[in-house]
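For reference, the chains in residue letters:
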Amino acid sequence: SNVDFTPLTDDLAVFLLCGEQNMIGQASGAKSYPTEDLIYQYKHSTYASDPTDTTIHQVTTGPLDHNGETASTHGVINKFSELLRDNSFFTGRKIVFIPMAKDDAGFSDNEWTVGGNAYNDAVGATNLILNTYTQATFEGIIWIGGETDYQNNLYAEKLLQTIQKMRQDIYVGTSSFHSLSL
(Lines give C-alpha, C1' and ligand atoms only; values in the text may rest on other atoms or scores of the structure.)
Protein backbone atom coordinates (compact mmCIF):
# COMPACT_ATOMS: atom_id res chain seq x y z
CA SER A 1 0.00 0.00 0.00
CA ASN A 2 1.08 3.57 -0.54
CA VAL A 3 2.05 5.87 2.29
CA ASP A 4 0.75 9.43 1.83
CA PHE A 5 2.17 12.48 3.49
CA THR A 6 2.41 16.22 3.09
CA PRO A 7 5.84 17.31 4.32
CA LEU A 8 6.54 21.01 4.55
CA THR A 9 10.27 20.95 5.15
CA ASP A 10 11.49 17.65 3.67
CA ASP A 11 14.51 17.63 1.40
CA LEU A 12 13.13 16.55 -1.98
CA ALA A 13 14.83 15.92 -5.33
CA VAL A 14 12.11 16.60 -7.93
CA PHE A 15 11.93 15.29 -11.51
CA LEU A 16 9.19 16.15 -14.02
CA LEU A 17 8.28 13.25 -16.34
CA CYS A 18 6.82 14.27 -19.71
CA GLY A 19 6.03 12.80 -23.09
CA GLU A 20 3.82 9.96 -24.20
CA GLN A 21 3.01 6.34 -23.52
CA ASN A 22 6.61 5.10 -23.67
CA MET A 23 7.26 7.13 -20.51
CA ILE A 24 4.44 5.26 -18.78
CA GLY A 25 5.04 1.78 -17.54
CA GLN A 26 6.37 -0.86 -15.24
CA ALA A 27 9.08 -3.21 -16.40
CA SER A 28 7.95 -6.81 -16.32
CA GLY A 29 9.56 -8.44 -13.32
CA ALA A 30 10.58 -5.05 -11.90
CA LYS A 31 11.12 -4.85 -8.20
CA SER A 32 8.74 -3.23 -5.79
CA TYR A 33 10.14 -0.30 -3.86
CA PRO A 34 10.76 -0.90 -0.16
CA THR A 35 9.74 2.02 2.00
CA GLU A 36 13.36 2.89 2.72
CA ASP A 37 13.91 3.76 -0.96
CA LEU A 38 12.16 7.10 -0.42
CA ILE A 39 10.67 7.21 -3.92
CA TYR A 40 7.49 9.31 -4.18
CA GLN A 41 5.17 10.73 -6.79
CA TYR A 42 2.83 13.66 -7.09
CA LYS A 43 0.01 11.94 -8.94
CA HIS A 44 -1.54 13.43 -12.05
CA SER A 45 -4.95 12.33 -10.76
CA THR A 46 -4.38 14.34 -7.56
CA TYR A 47 -3.54 17.48 -9.53
CA ALA A 48 -6.41 16.95 -11.99
CA SER A 49 -9.01 16.53 -9.25
CA ASP A 50 -7.73 19.30 -6.95
CA PRO A 51 -4.86 21.52 -8.17
CA THR A 52 -4.34 22.80 -4.63
CA ASP A 53 -3.79 19.34 -3.09
CA THR A 54 -0.05 18.79 -2.62
CA THR A 55 -0.17 15.28 -1.16
CA ILE A 56 2.78 13.18 -2.25
CA HIS A 57 2.44 9.39 -2.39
CA GLN A 58 5.15 6.84 -1.76
CA VAL A 59 5.79 4.55 -4.72
CA THR A 60 5.81 0.89 -3.78
CA THR A 61 4.80 -0.54 -7.16
CA GLY A 62 4.35 0.84 -10.65
CA PRO A 63 3.17 2.21 -12.91
CA LEU A 64 3.25 5.84 -11.87
CA ASP A 65 0.03 7.85 -12.06
CA HIS A 66 0.35 9.67 -15.41
CA ASN A 67 -2.39 11.36 -17.45
CA GLY A 68 -4.62 8.68 -18.99
CA GLU A 69 -2.10 5.97 -18.30
CA THR A 70 -2.07 2.61 -19.97
CA ALA A 71 0.75 0.69 -18.34
CA SER A 72 3.34 -0.57 -20.76
CA THR A 73 6.34 -2.72 -20.01
CA HIS A 74 9.01 -0.10 -20.69
CA GLY A 75 9.68 0.68 -17.04
CA VAL A 76 12.14 3.47 -17.85
CA ILE A 77 11.59 5.42 -14.63
CA ASN A 78 11.58 2.25 -12.56
CA LYS A 79 15.08 1.50 -13.89
CA PHE A 80 16.13 5.15 -13.50
CA SER A 81 15.10 4.99 -9.83
CA GLU A 82 17.13 1.83 -9.32
CA LEU A 83 20.20 3.45 -10.90
CA LEU A 84 19.87 6.56 -8.73
CA ARG A 85 19.76 4.46 -5.56
CA ASP A 86 22.36 1.88 -6.65
CA ASN A 87 24.82 4.69 -7.40
CA SER A 88 24.08 6.62 -4.19
CA PHE A 89 22.58 9.69 -5.85
CA PHE A 90 20.42 11.74 -3.50
CA THR A 91 21.34 9.62 -0.49
CA GLY A 92 18.91 10.25 2.36
CA ARG A 93 16.71 12.49 0.21
CA LYS A 94 13.24 11.74 -1.04
CA ILE A 95 13.04 11.49 -4.81
CA VAL A 96 9.74 12.85 -6.12
CA PHE A 97 8.55 12.14 -9.64
CA ILE A 98 5.84 14.32 -11.14
CA PRO A 99 4.40 11.96 -13.78
CA MET A 100 2.66 14.06 -16.43
CA ALA A 101 3.12 11.93 -19.57
CA LYS A 102 -0.06 11.52 -21.57
CA ASP A 103 -1.13 8.68 -23.86
CA ASP A 104 -1.26 9.63 -27.53
CA ALA A 105 -0.38 13.27 -26.96
CA GLY A 106 2.19 15.17 -28.95
CA PHE A 107 2.85 18.38 -30.81
CA SER A 108 0.68 17.59 -33.82
CA ASP A 109 -2.41 17.61 -31.58
CA ASN A 110 -1.08 20.62 -29.59
CA GLU A 111 -1.10 18.78 -26.22
CA TRP A 112 2.61 19.44 -25.60
CA THR A 113 2.91 22.74 -27.44
CA VAL A 114 3.23 25.79 -25.20
CA GLY A 115 -0.23 26.45 -23.79
CA GLY A 116 -1.53 22.94 -24.55
CA ASN A 117 -3.32 20.93 -21.89
CA ALA A 118 -0.48 18.48 -21.20
CA TYR A 119 2.06 21.32 -21.13
CA ASN A 120 -0.03 23.42 -18.75
CA ASP A 121 -0.63 20.48 -16.39
CA ALA A 122 3.08 19.65 -16.29
CA VAL A 123 4.19 23.22 -15.58
CA GLY A 124 1.35 23.88 -13.13
CA ALA A 125 1.92 20.72 -11.09
CA THR A 126 5.69 21.25 -10.96
CA ASN A 127 5.35 24.86 -9.82
CA LEU A 128 2.80 23.84 -7.18
CA ILE A 129 5.18 21.27 -5.69
CA LEU A 130 8.23 23.54 -5.83
CA ASN A 131 6.34 26.41 -4.24
CA THR A 132 4.90 24.18 -1.51
CA TYR A 133 8.01 22.24 -0.56
CA THR A 134 10.57 24.97 -0.06
CA GLN A 135 13.45 22.54 0.58
CA ALA A 136 12.87 20.84 -2.78
CA THR A 137 15.35 21.12 -5.61
CA PHE A 138 14.28 20.73 -9.21
CA GLU A 139 16.61 18.18 -10.75
CA GLY A 140 15.28 18.16 -14.28
CA ILE A 141 12.76 17.17 -16.90
CA ILE A 142 12.78 13.71 -18.42
CA TRP A 143 11.04 13.49 -21.79
CA ILE A 144 10.21 10.32 -23.68
CA GLY A 145 7.97 11.01 -26.62
CA GLY A 146 7.60 11.15 -30.34
CA GLU A 147 5.18 8.30 -31.00
CA THR A 148 2.33 10.59 -32.04
CA ASP A 149 4.67 12.86 -33.99
CA TYR A 150 6.73 10.26 -35.83
CA GLN A 151 5.77 11.84 -39.16
CA ASN A 152 5.80 15.43 -37.94
CA ASN A 153 8.58 17.30 -39.75
CA LEU A 154 8.40 20.05 -37.11
CA TYR A 155 8.98 17.68 -34.16
CA ALA A 156 12.53 18.82 -33.39
CA GLU A 157 11.56 22.49 -33.64
CA LYS A 158 8.48 22.05 -31.44
CA LEU A 159 10.44 20.04 -28.85
CA LEU A 160 13.10 22.76 -28.67
CA GLN A 161 10.42 25.45 -28.22
CA THR A 162 8.80 23.41 -25.47
CA ILE A 163 12.13 22.85 -23.69
CA GLN A 164 12.99 26.54 -23.82
CA LYS A 165 9.57 27.65 -22.58
CA MET A 166 9.39 25.03 -19.81
CA ARG A 167 12.73 26.26 -18.52
CA GLN A 168 11.20 29.74 -18.27
CA ASP A 169 7.80 28.71 -16.92
CA ILE A 170 9.00 26.41 -14.16
CA TYR A 171 9.98 28.70 -11.31
CA VAL A 172 13.56 27.60 -10.77
CA GLY A 173 15.43 29.33 -13.53
CA THR A 174 17.41 26.72 -15.43
CA SER A 175 16.90 22.99 -15.33
CA SER A 176 18.38 20.00 -17.06
CA PHE A 177 16.31 18.38 -19.77
CA HIS A 178 16.82 14.74 -20.78
CA SER A 179 15.13 13.41 -23.90
CA LEU A 180 14.57 10.04 -25.50
CA SER A 181 12.60 10.24 -28.72
CA LEU A 182 11.38 7.03 -30.27
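Throughout, a residue's number is its position along its own chain's written sequence, starting from 1. Reporting of local features is limited, given that this is a predicted model, to residues whose pLDDT is at least 70; pairs of side-chain atoms are given and counted only at 80 or more, and all residues count toward the totals for whole chains, interfaces and linings. Where side-chain values are given, they derive from all heavy atoms of the structure, hydrogens and water being excluded.

1. Looking at the overall build of the protein
Working step 1: Here a helix means four or more residues in a row that DSSP labels H or I, a strand means two or more in a row labelled E, and each is numbered from the N terminus. In terms of regular secondary structure, the protein is built from four helices and seven strands.
Working step 2: Helices and strands in the protein line up, N terminus first, as β-β-β-α-β-α-β-α-β-α-β.
Working step 3: Residue exposure ignores everything except the shown protein chains as possible cover, and the areas themselves are Shrake-Rupley values with a 1.4 Å probe. Carbon and sulfur atoms form 49% of the exposed surface of the protein, whose accessible area is close to 8,200 Å².

2. Brief notes about the confidence of the model for the protein
Working step 1: Per residue, pLDDT captures the predictor's confidence, and it can take any value from 0 to 100. Overall, the prediction assigns the protein a mean pLDDT of 79, with 77% of residues at 70 or greater.
Working step 2: Of all secondary-structure elements in the protein, the lowest mean pLDDT belongs to strand β7 (residues 177-181), at 51, while helix α3 (residues 117-132) reaches the highest, 94.

3. Description of the packing of α3 against helix α4 (residues 155-169)
Working step 1: In this analysis, axes come from line fits to C-alpha atoms, helices being fitted only over the stretch in contact, and the angle between any two N-to-C directions falls in the range 0 to 180 degrees. Between α3 and α4, the least distance of the axes is 10 Å, while the angle of their chain directions is 30°. Taken together, the axis directions place α3 and α4 in an arrangement best described as roughly parallel. Helix-helix and strand crossings are classified by hand; for α3 and α4 the assignment is right-handed. For the pair α3 and α4, contact is made by Y119, A122, V123 and N127 and by T162, K165, M166 and D169, respectively. Here roughly perpendicular refers to angles of 65 to 115 degrees, roughly parallel to angles under 35, roughly antiparallel to angles over 145, and oblique to all remaining angles. The sense of a crossing depends on the near helix, which, turned anticlockwise from the far helix by less than a right angle, makes the crossing left-handed and, turned clockwise, makes it right-handed. The contact criterion used is simple: two residues touch if any of their non-hydrogen atoms lie within 4.5 Å.

4. Considering the side chain of K102
Working step 1: With respect to the helices and strands, the residue K102 is situated in the loop between β5 (94-99) and α3.
Working step 2: Under this definition, polar contacts are N or O atom pairs within 3.5 Å; protein pairs additionally need one hydrogen-donor-capable and one acceptor-capable atom, and for neighbouring residues in sequence, both atoms have to be side-chain atoms. Among the polar contacts listed, one links the side chain of K102 to the side chain of E111, at a separation of 3.0 Å.
Working step 3: If near-sequence neighbours (up to four positions away) are discounted, K102 is found in contact with G19, E20, Q21, N67, E111 and A118.

5. Here's the deal with the pairing of strand β2 (residues 12-19)
Working step 1: For every residue, the accessible area obtained with a 1.4 Å probe (protein chains only) is divided by the maximum for its type, and the residue is called buried under 20%, exposed over 50%, and partly exposed between those limits. The buried fraction of β2 amounts to eight of the eight residues, a majority that puts the element mostly inside the structure.
Working step 2: Of the two faces of β2, both are covered, the one formed by L12, V14, L16 and C18 as well as the one formed by A13, F15, L17 and G19.
Working step 3: DSSP calls a pair of strands paired once it identifies at least 2 bridges connecting them. Here β2 runs beside strand β6 (residues 137-145); their pairing, made up of seven bridges, is parallel. For L17, the partnering residue across the bridge sits in β6 and is I142.

6. Some thoughts on the packing of aromatic side chains
Working step 1: For Phe, Tyr and Trp, rings pair up if their centres lie within 6.5 Å, where Trp contributes its six-membered ring, and each pair is then called stacked (planes under 30 degrees apart), edge-to-face (over 60) or tilted (otherwise). Applying the stated rule across the entire model yields eight aromatic pairs.
Working step 2: Judged by centre distance (5.9 Å) and plane angle (80°), the ring pair of F15 and F90 falls under edge-to-face. In this pair, F15 sits in strand β2 while F90 sits in the loop between α2 (76-86) and β5, placing the two residues 75 residues apart along the sequence. Across this residue pair, the class does not change: F15 and F90 are buried.
Working step 3: Considering the side-chain rings of F107 and W143, the 5.7 Å spacing of their centres and the 10° angle between planes classify their relative orientation as stacked. Here the residue F107 occupies a position in the loop between β5 and α3, and W143 occupies one in strand β6, the gap between them amounting to 36 residues.
Working step 4: Classification of F107 by relative accessible area gives buried; the value is 2%.

7. Some thoughts on the nonpolar core
Working step 1: Nonpolar cores are built from buried Ala, Val, Leu, Ile, Met, Phe, Trp, Tyr and Cys residues. Side-chain atoms within 4.5 Å join them into one set. Of all hydrophobic cores here, the largest spans 32 residues; its most connected members are V14, L16, C18, I98, W112 and M166.
Working step 2: For this core, the secondary structure elements donating two or more residues are β2, β5, α3, β6 and α4.
Working step 3: The greatest single-element share of this core, amounting to eight residues, is contributed by α3.
Working step 4: Grouped together as the second largest cluster of nonpolar side chains are 16 residues, F15, F90, F97 and A101 included.

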